[in-house]
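Each chain, letter by letter, is given below.
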Amino acid sequence: MKIPTKIRYGLRFLLDVAEHGDQGVVTLREASLRQGISQKYLWQVVAPLKSAGLITSERGKDGGFRLAREPGDVTIRDVYTAIEGGCALVGCLSRPATCPRHEHCEVRDVWDEISQGLGKLMQEFTLEQILERESKRRTAQGPDYSI
């Protein structure tokens with residue numbers, strides 16, 4: 001299973017906003033440069049994140065984005081759901097009419113259990129926890145003397 005690029009980039013954007021939001025709003029340009037993601041692509045993930053209430057925006061010359069909730073209240077599942085609309089691994093789980101076998105499928109229940117398990121696991125990881133892990137990893141590595 002692969003996590004879609006939009007999900008990965010959406011999570012990276014939210015982590016960037018969480019990490020740098022204490023300095024004020026985070027512009028798309030700043031996040032784009034720090035994350036190595038084009039601004040054009042980031043616009044595609046910002047809209048659903050805003051619609052889902054995960055970020056707010058401020059317009060104007062000094063505008064940008066802020067988290068709408070505390071980093072400890074935003075989970076990977078929130079990001080996934082905002083962008084993909086759910087955690088179903090196969091389309092027939094969320095849209096049964098798309099599969100003529102959905103009522104008699106031997107593995108549909110298995111896919112459903114796996115999807116639910118994955119959703120529960122994604123619910124356990126918050127932006128705050130991810131940032132704390134990264135901070136500990138950086139501390140354990142020691143100072144970076146690269147030029």
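One can find the structure itself at the top, above this paragraph.
Rules and cut-offs
- Residues numbered from 1 in each chain as written.
- Predicted model: local features only at pLDDT ≥ 70, side-chain atom pairs only at ≥ 80, totals over all residues.
- Heavy atoms only, no water.
- Axes fitted to C-alpha atoms, helices over the stretch in contact; angles between N-to-C directions.
- Helix = DSSP H or I, 4+ residues; strand = E, 2+ residues; numbered from the N terminus.
- Parallel < 35°, antiparallel > 145°, perpendicular 65-115°, else oblique.
- Contact = heavy atoms within 4.5 Å.
- Nonpolar A, V, L, I, M, F, W, Y, C, P; charged D, E, K, R; others polar.
- Patch = residues over 30% accessible without salt bridge, like charges linked within 9 Å, V, L, I, M, F, W, Y side chains within 5 Å.
- Areas by Shrake-Rupley, 256 points an atom, 1.4 Å probe, with all protein chains shown as cover.
- Salt bridge = Lys/Arg side-chain N within 4 Å of Asp/Glu carboxyl O.
- Lys, Arg positive; Asp, Glu negative; His and termini not counted.
- Charge placed at Lys NZ, Arg CZ, Asp CG, Glu CD.
- Buried < 20%, exposed > 50% of the residue type's maximum accessible area, 1.4 Å probe, protein only.
- Arc of directions from axis to C-beta.
- Pairing = 2+ DSSP bridges.
- Phe/Tyr/Trp six-rings, centres within 6.5 Å; stacked < 30°, edge-to-face > 60°.

Trainee: Mind showing me how you'd approach the packing of helix α3 (residues 39–51) against helix α4 (residues 76–84) here?
Mentor: Their axes nearest at 8 Å, the elements α3 and α4 cross at an angle of 105°. When the axes of α3 and α4 are compared, the pair comes out roughly perpendicular. Between α3 and α4, the contacting residues are V45, P48 and L49 on the first element and V79, A82 and I83 on the second. Grouping the amino acids of the contact of α3 with α4 by side-chain chemistry returns six nonpolar, no polar and no charged.

Trainee: Quick question: what am I supposed to make of a negative patch on the surface here?
Mentor: A cluster of acidic residues, E70, D73, E128 and E132, forms a negative patch on the protein surface. Residue E132 is classed as partly exposed on the basis of its relative accessible area, which comes to 42%.

Trainee: Whenever I open this one, a nonpolar patch on the surface confuses me. Can you help?
Mentor: A cluster of nonpolar side chains, V107, V110, W111 and I114, forms an exposed patch at the surface whose accessible area comes to about 320 Å². Its location among the elements puts V107 in the loop between α5 (91–94) and α6 (108–123).

Trainee: Explain the side chain of R108 to me, please; I cannot follow it from the model alone.
Mentor: The topology assignment puts R108 in helix α6. Buried and without a salt bridge, R108 has D109 as its closest oppositely charged side chain, separated by 5.0 Å. With sequence-adjacent residues up to four places away left out, R108 is seen in contact with C92, L93, P96 and H102.

Trainee: Explain helix α2 (residues 28–35) to me, please; I cannot follow it from the model alone.
Mentor: Every α-helical turn comprises 3.6 residues, leaving residues that sit three or four positions apart pointing alike. Here α2 has its buried residues at L28, A31 and S32. Seen from one end, α2 has its buried residues packed into an arc of 100°, which puts them on one side. Seen from the open side of α2, the exposed residues pointing more than 90 degrees away from its buried face are R29 and L33. Those residues of α2 that are buried are in contact with α1 (5–20), α3 and β2 (64–67).

Trainee: Explain the pairing of β2 here, please?
Mentor: Where a strand is regular, its side chains alternate between the two sheet faces. With four bridges joining them, strand β1 (residues 55–58) and β2 adopt antiparallel strand pairing. Residue pairing for β2: E58 is matched across the bridge by G64.

Trainee: I tried to follow the packing of aromatic side chains on my own but got confused; where do I start?
Mentor: Any two aromatic rings considered together are summarised by their centre-to-centre distance and by the angle between their planes. For the structure on display, the rule yields three aromatic pairs. With a centroid separation of 5.1 Å and an interplanar angle of 75°, the aromatic rings of Y9 and Y41 are classed as edge-to-face. Of the two residues, Y9 sits in helix α1 while Y41 sits in helix α3, which places them 32 residues apart along the sequence. Each ring, one from F13 and one from F65, has its centre 5.7 Å from the other, and the planes form 80°; the classification is edge-to-face. Here F13 is found in helix α1, whereas its partner F65 is found in strand β2, with 52 residues between them in sequence. Here F13 matches F65 in class, with each residue buried. An aromatic cluster of three or more residues is present, and its members are F13, W43 and F65.

Interpretation note: all reported values are geometric properties and have no functional meaning in isolation.
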